[in-house]
Amino acid sequence: MRLRRIALVAALILAGSQAPAQAGGRGGIELERLDRGLVAAATAEGVFLSWRLLGPEATGHSATGLTGVNFHVYRDGRRIATVTDSTNYLDPAGTAASTYRVTPVGGGRSATATPWSSNHYDLPLNKPADGATYTYSANDMSVGDVDGDGQYEYIVKWDPSNSKDVSQVGYTGNVYIDAYELDGTQLYRIDLGVNIRAGAHYTQFLVYDFDGDGRSEMMFKTAPGTKITRYRPDGSVASSKYITMPAADRKAGYRDTDDYRLSAAGYYEHVVRMFEGWSTHPEVVAGHWPATVEEALGLAPGFGDAKALTDYFMDVYAPARSTRNALRNFAGFIVDGPEYLTVFEGATGRELQTVRYKPGRTDDGLMWGDYAMARIEPGNRVDRFLSGVAYLDGKHPSAIFARGYYTRTTIIAYGWNGHRLTENWYVDSGWVPMTNPFNDSPHGRDGTNPEFATITTQGDHSLSVADVDGDGKQEIVYGSATIDNDGSLLYSSYDTLPAGSAAPGEYVRLGHGDAMHVTDIDPNRPGLEIFTAHEGATFAPYGMAMRDAATGEVLFGAYSGRDTGRAMIGDVLPEVPGIENWASLPGGSDALGLHKATGEVLTTAIPGTNQSIRWAGDGTTQILNGAIDVTPTIDDWKRGPVLTATGTLANNGTKGTASLIADIFGDWREELLLRTADSSAIRIYLSTDLTTHKLYTLMHDPQYRVEVARQQTTYNQPSYPSFYLASDTDWAKVPLRSRQ
């Protein structure tokens, strides 16, 4: 492993000393064929225009950006400007009645637009009917060109107000996923059904053109009862159909109308059956677990039958471990029944293929360690899902689906050829051995798979995809471990616990965390960096850490001794080289400070940690703030608020994330997509801050594009390009994209 890391570093140093490679020449990645993406917005100074420079149109570099195709701008049929230094323009004489056209000099894809009345546009939504005890709000989003016209369609997930974390007891309403055109035309709605619980950890939906036909597909986890409703252009229902169950499941008696949600009484019976079958459990048969339930719970032999043991477990044993263990109230979870993965046609929602979700849950979390900690939480670690998209072969996108990151950790990569899913590779740490599933912490312990044993407890509440080793193929950055493009383990990061920790001097995993950011953070060192926050408190060597993305080596970090739950990066101080980084402790404490890209503390105060956005024309980073009932704002660390998104709300509780932040049209700046307060629309905000930097759409950078596809995954993290993008970017080092 050490020799491999040295070779990777040497390759990155050599690559950094040479001219940047042409995209497509190294990897041959073909991204979406997008249109010009022209948008116009009325401002107090006139009409602001913004449009896309497409990847192949950039052919060189200047001191302020890229060079290549230039553009003529027309108002009402008369040419009013030729723009060479950017892809935006402010027309002081423009009005709301003006019509604009942008045409490449020398010919090419042109576009027309009429102005929005302000800096935002409302995409109308069809809000689902509220339930008796809960309401619906628009939640996470993704985009994809589902019909091949070069324009994005908008995929919206609807969450009920009673959605739950995987550790929380209770029933939830159904989850819905809708597809819309920009004008609000609803294409279809997919009702995931009662057998998919609502919450950030359960439904990760991928929207991407996986087969290269120019039209995006959609994939996510489904179950019996998942139903597709397709709409006509006038909004009437064209069809409504359940997904197809495997024939073996039909034969076994499973039905579309099944409801696998456990009631409190149902969970009691579930535990009784578990105790009745104890002697036949494979871990008991193998001698790994106590031979009897009495022995596992510390009772004398012959205590009683399975019901007596269940009463003792629920009423005495569990509450003694933690006052939060109210297992008599355990209800609303789905711990059995079929689990599927379905591929949908993006334009119509039509089911293309349904397969079994791999791996299955096996049990209610007993093997996953859900009963082993002081807090007994069936259905928790077993139901942690992640997803993403990766160009594993440097050419074709693969779908990545994952289950588990605290104990057993699994990741699977699929290819889609337009007809069938093909498994590219499968990573499985194996079960984490426990001597007693009711009292033996499984965290930080190796799994049973010889190659992947060390990836347990290393996964985060999201993942990233990047070409970390410079070979033109993308890897899966799974928190504190990275899986190479071929499915092998590239590395799993460890370091030494410091003084004041739980075990000073012990060499341990960096461990699980809530926030991760992967890009070129320090332009003065080769390759990419990974900045993460870590949850392990006194059992983690760092509360926050910066790592070399190719080797996993920690470049610098700060021990906190506490659950460090939030972290962010951004060029918030343009006078300081590199991208700054910071993390916060519980309660929003800024004790760790604002750091330079090289690790030096700049100040004890820090910006927010909800989400970042590239909003300003100078290349600096701004921060989205506001959560729950607080109006979202975009704030610049030096200038203060630059946008107040009146009438909108952020998502996901205290995390305060947007429905989506992405470069969906216009120049390279990112748009902000938020739900209106009543969820009647998605409000799309456009930056009208003029920029003199010319750059192709970020959607034509392979890393950024797949990061947008995974942005909705669990704890939404910003999307980052594969190159250094900040106020001091050396444009000669920005890779050119020769293919689209």
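Overview of the structure.

Each value, and the rule that gives it
Residues numbered from 1 in each chain as written. Predicted model: local features only at pLDDT ≥ 70, side-chain atom pairs only at ≥ 80, totals over all residues. Heavy atoms only, no water. 1 Å grid on protein atoms, 1.4 Å probe; cavity = no way out; pocket = protein on both sides within 12 Å on 5 of 7 lines; lining within 4 Å. Points joined across faces, edges and corners; volume = space filled by probe spheres on them. Helix = DSSP H or I, 4+ residues; strand = E, 2+ residues; numbered from the N terminus. Nonpolar A, V, L, I, M, F, W, Y, C, P; charged D, E, K, R; others polar. Salt bridge = Lys/Arg side-chain N within 4 Å of Asp/Glu carboxyl O. Buried < 20%, exposed > 50% of the residue type's maximum accessible area, 1.4 Å probe, protein only. Pairing = 2+ DSSP bridges. Axes fitted to C-alpha atoms, helices over the stretch in contact; angles between N-to-C directions. Polar contact = N/O pair within 3.5 Å; in protein donor to acceptor, adjacent residues only side chain to side chain. Phe/Tyr/Trp six-rings, centres within 6.5 Å; stacked < 30°, edge-to-face > 60°.

On to empty space enclosed by the protein, then. Going through the model one piece at a time under the given rule, you end up with four cavities of 30 Å³ or more. Here the largest cavity defines a volume of roughly 120 Å³. Contributing to the lining of the largest cavity are 14 residues, with Ile579, Arg614, Thr621, Tyr720 and Leu725 lying nearest its centre. Those elements giving two or more residues to the lining of the largest cavity turn out to be β36 (566-570) and β40 (611-613). Considered class by class, the residues forming the lining of the largest cavity number seven nonpolar, four polar and three charged. Its volume calculated, the second largest cavity comes out at about 80 Å³. Surrounding the second largest cavity, Asn195, Ile196, Arg197, Tyr202, Lys221, Ile334, Glu339, Arg361, Asp383 and Phe385 form its lining.

Before going further, it helps to spend a moment on the pattern of salt bridges. In the structure shown here, the tally under the stated rule is 34 salt bridges. Note that Glu57 and Arg36 form a salt bridge whose closest N and O atoms lie 2.8 Å from each other. Of the two residues, Glu57 sits in the loop between β3 (46-50) and β4 (58-61) while Arg36 sits in the loop between β1 (22-23) and β2 (39-43), which places them 21 residues apart along the sequence. For the pair Glu57 and Arg36, a shared accessibility class is recorded, and that class is buried. The shortest N-O distance in the salt bridge between Arg403 and Asp383 comes to 2.9 Å. With Arg403 in strand β23 (residues 398-403) and Asp383 in the loop between β21 (351-356) and β22 (385-390), this pair connects stretches of sequence that are 20 residues apart.

In a beta sheet, neighbouring strands pair by backbone hydrogen bonds and run either parallel or antiparallel. Within the open sheet, the six strands sit side by side as β12-β13-β14-β15-β18-β19. Their pairing is antiparallel. The open sheet terminates on both sides in strands that have one partner only, identified here as β12 (136-144) and β19 (237-242). Averaged over all neighbouring strand pairs, the angle between strand axes comes to 20 degrees, with direction disregarded. As paired strands, strand β15 (residues 186-191) and strand β18 (residues 227-231) are joined by four bridges and run antiparallel to one another.

Further remarks concern the side chain of Asn162. Mapped onto the secondary structure, Asn162 falls in the loop between β13 (153-160) and β14 (176-180). Note on Asn162: relative accessible area 15%, which makes it buried. Within the local environment of Asn162, its side chain forms a polar contact with the backbone oxygen of Tyr171, the two atoms lying 3.4 Å apart. There is a polar contact of 2.9 Å between the side chain of Asn162 and the backbone nitrogen of Gly173.

Bringing the packing of aromatic side chains into the picture now. The full count for this structure, using the stated rule, is 26 aromatic pairs. Aromatic pair Tyr267 and Phe330: ring centres 4.2 Å apart, planes at 45 degrees, arrangement tilted. Here Tyr267, found in helix α3 (residues 264-276), pairs with Phe330, found in the loop between α6 (306-321) and β20 (340-345); they are 63 residues apart in sequence, far enough to count as distant. Accessibility classification places Tyr267 together with Phe330 in one group, the buried group. Consider the rings of Tyr371 and Phe438, whose centres lie 5.8 Å apart with planes at 90 degrees: the pair is edge-to-face.

So, about unusual backbone geometry. Note that the residue after Lys358, namely Pro359, is joined by a cis bond; omega there is -5 degrees. Residue placement: Pro359 occurs in the loop between β21 and β22. We note that Ile628 has phi near 55 degrees; this positive angle belongs to a residue other than glycine. Note on Ile628: relative accessible area 47%, which makes it partly exposed. Even without glycine at this site, Asn652 takes up a positive phi of about 65 degrees. With respect to the helices and strands, Asn652 occurs in the loop between β44 (648-649) and β45 (660-662). Note on Asn652: relative accessible area 23%, which makes it partly exposed.

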